[in-house]
Structures are given as C-alpha cells and as structure tokens.
Amino acid sequence: SNEKVLVELDESTVMKMKNPPVNSLSLDVLTEFSISLEKLEIDRGCRGVILTSAFPKIFSAGLDITEMCGKSAEHYAAFWRAVQEMWLKLYGSNMVTIAAINGSSPAGGCLMAMCCDYRIMADNPKFAIGLNETQLGIVAPFWFKETMVNTVGNRVTEQSLQLGQMYPAPDALKIGLVDKLVTEEKVQSTAVAAMSQWLAVPDHARQITKSIMRKPTIDNLVKHREADINNFVSFITKDSIQKSLQVYMDRLKQKK
Ligand code: CO8
C-alpha cells in the first residue's frame with residue numbers, strides 16, 4: 001500500500017510512521033496521521049495507542065524541510081495548519097499514548113514523542129532526541145516550547161532550545177526527556193507492558209486528569225492559531241531564513 005501511517009492491531013493498537021527514508025513529516029504524512037488518530041479517537045474499543053516507526057534506527061526526522069523551502073505562502077500556511085492539527089490531536093488525545101522511540105528523533109520527531117503520555121527509547125547513544133531548531137537557524141514556536149517545558153521543566157527547556165541541543169538516549173533519560181531506556185529489540189514489548197499499566201487506571205479519571213494538565217497549553221494555541229500561522233509564513237518566507245534552510249539541507253546531503 002502507499003499508506004504512510006500504518007495502523008496495526010496486535011496486542012495493542014500501534015501507529016507506525018512509514019515515510020521512507022527517514023519519516024520526515026510532509027503535509028501528506030501529517031494529514032494522514034491526524035485522520036488515522038481521529039479514527040482511533042472515536043473508536044470506543046481503542047483506549048490506547050503506541051506511536052512508533054516502521055524503520056529501524058529512525059523514529060522521525062521531524063518536519064519535512066522541503067515543505068518549508070521554495071514554496072508559496074499558501075503552501076506554507078496549509079503545511080503549518082497541518083503541523084498544528086497533528087499537535088492538537090496528539091497532545092489532546094483522550095487515549096493513552098506511548099512513544100516507542102526506536103531511533104533518532106530530532107525537532108518535529110521530538111515534539112511528537114513529547115506529546116505522548118510515556119516515552120520509551122532504544123538504549124543507544126547514537127540515537128538522539130531534542131528540539132534542534134536553532135541549529136537550522138529557525139525558532140521553535142511557543143507551543144513547541146510549552147510542550148517541552150511541560151515535559152522537562154523551564155530551565156532545561158531554556159538551555160536546550162537556545163543551544164538547539166540533541167540529547168543522546170542516555171542523556172535524554174537523565175533530563176527526563178524520555179522515561180525509560182531498553183535495548184532496541186525490547187522497545188516494542190516494553191511499550192506494550194507500559195500500556196497495560198496505564199490502561200489499568202479507570203479511563204474517565206485518567207482522561208480528566210490529563211485534560212487538567214494539558215488544557216491550558218492546548219487552549220493557548222487554539223486561541224492564537226491564526227496568528228501563529230501568519231507568524232510562521234512571514235518568518236519562513238524571509239530570504240535569510242530560506243537561505244539558512246538551504247545551507248542546512250546542503251550540509252545534510254554532503255555529509256555522506
Ligand atoms: N526533511 C527533509 N528531508 C530530510 C530530513 C527532513 N527533516 N531529514 C533528512 N532528510 C533527507 C536527507 O537530506 C537525505 O536525503 P538524500 O538521500 O536525498 O540525500 C535523506 O533524508 C536521508 O538522510 P540521512 O542520510 O541524513 O539519514 P541518516 O540515517 O544518516 O540520518 C537523521 C537521519 C538523523 C534524521 C538525519 O537525516 C537528520 O539529522 N536530519 C535532519 C533532521 C532535522 O534537523 N530536522 C529538523 C526539521 S525542522 C522541524 O521539525 C521543526 C521546525 C519548526 C518550525 C519553526 C518555525 C520556523
């Protein structure tokens with residue numbers, strides 16, 4: 001199939017990103033992701049979902065940089081709305097969401113993982129996670145920042161965001177950016193075990209608690225959604241920003 005987000009029903013419901021080679025989050029992937037998640041959300045039989053990748057060594061490379069280069073203002077606006085929609089659906093999900101982070105997870109990949117209730121990462125210092133936006137010469141928006149503050153606290157977030165720091169798995173555990181490290185082969189089974197622990201709590205009480213914790217952050221984006229889109233479009237269309245994204249993409253390609 002040419003689906004880019006697979007929904008598999010095994011012991012638990014698993015959403016697997018499958019956009020070769022690195023699960024970059026294109027407009028298509030984001031749209032498909034939000035639709036798939038919404039379907040699970042309204043399915044009363046589905047109480048939890050494990051988010052992972054179909055590829056070894058990579059969870060997600062984050063937002064598709066080619067969606068932010070050389071396109072029209074209309075395209076940038078549609079793309080950004082889709083990024084917001086993914087975040088609103090995932091951060092606001094009533095289901096238990098567990099990230100099985102089987103590899104690297106920069107920027108948007110880290111954001112997706114932080115949206116989940118619990119994070120398990122493959123114990124390999126070659127895999128790193130973090131919000132590295134400043135390294136690309138771009139700025140993580142306020143709701144990325146708030147998601148990180150809610151995960152690791154203000155001080156760690158401030159330092160991480162200014163430096164655009166990527167944390168190798170052991171360091172990510174130390175700062176609480178992920179909750180548990182296990183060997184690569186055990187990431188999936190550990191996620192399934194964690195899911196049964198989370199699902200043992202009565203749904204209504206857990207859901208209301210989750211909402212109490214997250215609602216102010218979600219409301220903040222809902223309230224400023226259009227302004228945030230305008231802000232993104234005017235930022236990303238600047239020549240200087242286009243140039244630094246281009247330099248970053250060229251460096252990625254040359255690295256080989
Ligand atoms: N978007 C588009 N293409 C990408 C991306 C990406 N995010 N990441 C990698 N690719 C491409 C590479 O260019 C390469 O293409 P090609 O084969 O044509 O040369 C291909 O995917 C494979 O990449 P690698 O060879 O680098 O694969 P590795 O397995 O060696 O490494 C990594 C995988 C670790 C994911 C590595 O590719 C990497 O570090 N990628 C960059 C990730 C990154 O910095 N993402 C940040 C995106 S920005 C974001 O998510 C939030 C932006 C917030 C907006 C702010 C407001 C303005």
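Further up the page is the structure itself.
The following paragraphs examine the structure supplied in this document. All of these numbers come straight from a predicted model, not from anything done at the bench. (Residues numbered from 1 in each chain as written. Predicted model: local features only at pLDDT ≥ 70, side-chain atom pairs only at ≥ 80, totals over all residues. Heavy atoms only, no water.)

Time to look at the pairing of strand E4 (residues 48-53). Within E4, 6 of the 6 residues are buried, which leaves it mostly tucked inside the rest of the structure. Residues of E4 alternate between two faces, with Gly-48, Ile-50 and Thr-52 on one and Val-49, Leu-51 and Ser-53 on the opposite face, all of them buried. Sheet topology places strand E2 (residues 13-17) next to E4; 5 bridges connect them, and they run parallel. Each bridged residue has a counterpart across the sheet, and for Met-15 the counterpart in E4 is Leu-51. (Buried < 20%, exposed > 50% of the residue type's maximum accessible area, 1.4 Å probe, protein only. Helix = DSSP H or I, 4+ residues; strand = E, 2+ residues; numbered from the N terminus. Pairing = 2+ DSSP bridges.)

Before going further, it helps to spend a moment on the environment of Ile-42. With respect to the secondary-structure elements, Ile-42 resides in helix H1 (residues 27-42). Once the C-alpha coordinates of Ile-42 and Val-83 are considered, the two residues, 41 residues apart in sequence, prove to be 21 Å apart.

Pro-21 follows Pro-20 through a cis peptide bond whose omega is 0 degrees. Unusually for a residue other than glycine, Asn-23 sits at a positive phi of about 55 degrees. Position of Asn-23 relative to the elements: it lies in the loop between E2 and strand E3 (24-25). The class of Asn-23 is buried, set by a relative accessible area of 1%. For Lys-57, which is not a glycine, the phi torsion comes out positive at approximately 75 degrees. Along the polypeptide, Lys-57 turns up in strand E5 (residues 57-58).

Close contact between H1 and helix H2 (residues 73-91) brings their axes to 9 Å; oriented N to C, the two are set at 30 degrees. As summarised for this structure, H1 and H2 are arranged roughly parallel, according to the angle between their axes. In the packing of H1 onto H2, the handedness of the crossing is left-handed. Residues Leu-27, Leu-30, Thr-31, Phe-33, Ser-34, Leu-37, Glu-38 and Glu-41 of H1 pack against His-75, Ala-78, Phe-79, Ala-82, Val-83, Glu-85, Met-86, Lys-89 and Leu-90 of H2. (Axes fitted to C-alpha atoms, helices over the stretch in contact; angles between N-to-C directions. Parallel < 35°, antiparallel > 145°, perpendicular 65-115°, else oblique. Left-handed = near helix turned anticlockwise from the far one by under 90°. Contact = heavy atoms within 4.5 Å.)

Two side chains that carry opposite charge are able to pair once their charged atoms sit near each other. In the structure shown here, the tally under the stated rule is 12 salt bridges. For Arg-47, the salt bridge goes to Asp-203, with nearest N and O atoms at 2.7 Å. Placement of Arg-47 in the loop between H1 and E4 and of Asp-203 in helix H8 (residues 203-223) is noted, with a sequence separation of 156 residues between them. A relative accessible area of 21% means that Asp-203 is categorised as partly exposed. In this structure, Arg-81 engages Glu-226 in a salt bridge whose closest nitrogen and oxygen atoms are separated by 3.0 Å. In this pair, Arg-81 is assigned in helix H2 and Glu-226 in helix H9 (residues 225-236), connecting sequence segments 145 residues apart. What emerges from the salt-bridge pattern is a single network uniting Arg-47, Asp-203 and Arg-206. (Salt bridge = Lys/Arg side-chain N within 4 Å of Asp/Glu carboxyl O.)

Looking now at the packing of aromatic side chains. Applying the stated criterion across every chain, the model contains 7 aromatic pairs. Ring plane angle 50 degrees and centroid distance 6.1 Å describe the contact between Tyr-118 and Trp-198, whose orientation is recorded as tilted. Here Tyr-118 is found in strand E9 (residues 118-122), whereas its partner Trp-198 is found in helix H7 (residues 187-199), with 80 residues between them in sequence. Put simply, the rings of Trp-80, Trp-87, Tyr-91, Trp-143, Phe-144 and Phe-232 touch in pairs and so form one group of aromatic residues. (Phe/Tyr/Trp six-rings, centres within 6.5 Å; stacked < 30°, edge-to-face > 60°.)

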